[in-house]
Amino acid sequence: MEIVRVENLSKTYGKGEAQVAALKNVSFSMERGQFGAVVGESGSGKSTLLNCVGGLDRADAGTIPIIAMTANAFAEDEKAALDAGMDAHVAKPLDVELLKRVIRQYTEKERTD
């Protein structure tokens, strides 16, 4: 089961001649149980990538699908999560089968768009 997916992520800092591309169309995915490492020289974009994946920074382009999880299944909670930019919503207590269906639906939708 895919747990992380990053598609065509790009991030630049600065403007004009001082502009630096920290990330250029970075794509990868991780399956449940896989281990990965982010390695590279100083200034190669490792921290920028992790900050974008972790939601601490916003990429200029690309997608990182995010599924929101709230304590309630109320319609207003789902609407608030989607309005905040989440790609899908699942309520607690966690129904693992429902979560799998939501992930499957989202990833199938992304492939057809």
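Residues numbered from 1 in each chain as written. Predicted model: local features only at pLDDT ≥ 70, side-chain atom pairs only at ≥ 80, totals over all residues. Heavy atoms only, no water.

*Asks:* Looking at this structure, I do not really get the overall build of the chain. What am I missing?
*Replies:* Regarding its fold elements, the chain presents three helices and five strands. Reading the chain from its N terminus to its C terminus gives the helix and strand order β-β-α-β-β-α-β-α. The proportion of buried residues among the 113 residues of the chain is 21%. Long-range contacts, defined here as pairs at least 24 residues apart, represent 43% of the contacts in the chain between residues at least 6 apart. Summing over all exposed atoms, the chain offers an accessible surface of approximately 8100 Å²; the carbon and sulfur share of this is 52%. (Helix = DSSP H or I, 4+ residues; strand = E, 2+ residues; numbered from the N terminus. Buried < 20%, exposed > 50% of the residue type's maximum accessible area, 1.4 Å probe, protein only. Contact = heavy atoms within 4.5 Å. Areas by Shrake-Rupley, 256 points an atom, 1.4 Å probe, with all protein chains shown as cover.)

*Asks:* Any chance you could explain unusual backbone geometry here in plain terms?
*Replies:* As a rule of thumb, non-glycine residues mostly have phi less than zero, and peptide bonds are mostly trans rather than cis. Phi angles above zero are rare outside glycine, and N8 is one such case at about 50 degrees. For N8, the position within the fold is in strand β1 (residues 2–13). Even without being glycine, N25 reaches a positive phi, approximately 50 degrees. Relative to the helices and strands, N25 is located in strand β2 (residues 20–31).

*Asks:* Help me out: how do you make sense of the confidence of the model for the chain in this one?
*Replies:* On average, residues of the chain score 78 in pLDDT, and 81% of them reach the 70 mark or higher. Across the chain, the element-wise mean pLDDT spans from 65 in strand β4 (residues 67–70) up to 88 in β2. (pLDDT = per-residue confidence, 0-100.)

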